[in-house]
Amino acid sequence: MNRTSTRRVAAALALLFTVAACGHDSDKPTMTRAEAKQRTQDYIAQVLAAFPQPVTAVAGRENDGYCFKDDAVSEEDGRVNAVTEKTLPGVPLAKHAEYVAAFRSKAEALGFTSTGSGTSLYFTNKSNDFSASIVEIGDAERTLQIGFVSPCVWPDGTKPPG
């Protein structure tokens, strides 16, 4: 698989993560978008602190995903989920397993449950519906990427009238 294909797969998985995080109960109050974003950033900071040091993290995706109506999956419903991703350039391929193990350990300590094994792991937190991942991206010079995605939230915490 070439670098472009690998990035497309990673992007597709991130999109799948974003859509899967939306869930049901779209009328109930939620945390705000700002609170959700802060939580994803807090999770990233905690995981970075658990990695072998020093580690360099470069900003990746730092935007919102859009959530869709349960009965019309191609129609946005006004909710968003906050996404925070970082890449870890410079981690030697021989050290990836060590970083993946550190990610798994910290994610599990934070209440996440793994849904896979290997060097690409996906996690969910049943207590708050956040998702997490650590994946290898790229081709020959694979780079680790970590990410956290919030559940679908109303930007201001409550469904707008209408």
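Rules behind the numbers
- Residues numbered from 1 in each chain as written.
- Predicted model: local features only at pLDDT ≥ 70, side-chain atom pairs only at ≥ 80, totals over all residues.
- Heavy atoms only, no water.
- Buried < 20%, exposed > 50% of the residue type's maximum accessible area, 1.4 Å probe, protein only.
- Helix = DSSP H or I, 4+ residues; strand = E, 2+ residues; numbered from the N terminus.
- Pairing = 2+ DSSP bridges.
- Disulfide = S-S within 2.5 Å.

1. Observations regarding the pairing of strand S7 (residues 143–149)
On a regular strand, each side chain points to the face opposite its neighbour's, so the side chains alternate between the two faces of the sheet. In terms of residue burial, S7 counts as a mostly covered element, since six of its seven residues are buried. Inspection of the sheet shows strand S6 (residues 131–137) paired to S7 by seven bridges, in the antiparallel sense. Bridge pairing in S7 links Ala 132 to Phe 148.

2. Points about the state of the cysteines
For the structure shown, the criterion picks out one disulfide. Covalent S-S linkage joins Cys 67 and Cys 152, the inter-sulfur distance amounting to 1.9 Å. Disulfide Cys 67-Cys 152: the torsion about the S-S bond is -100°, which places it as left-handed. Taken together, the residues Cys 67 in strand S2 (residues 64–69) and Cys 152 in the segment after S7 connect sequence positions 85 residues apart. For the pair formed by Cys 67 and Cys 152, the shared burial category is buried.

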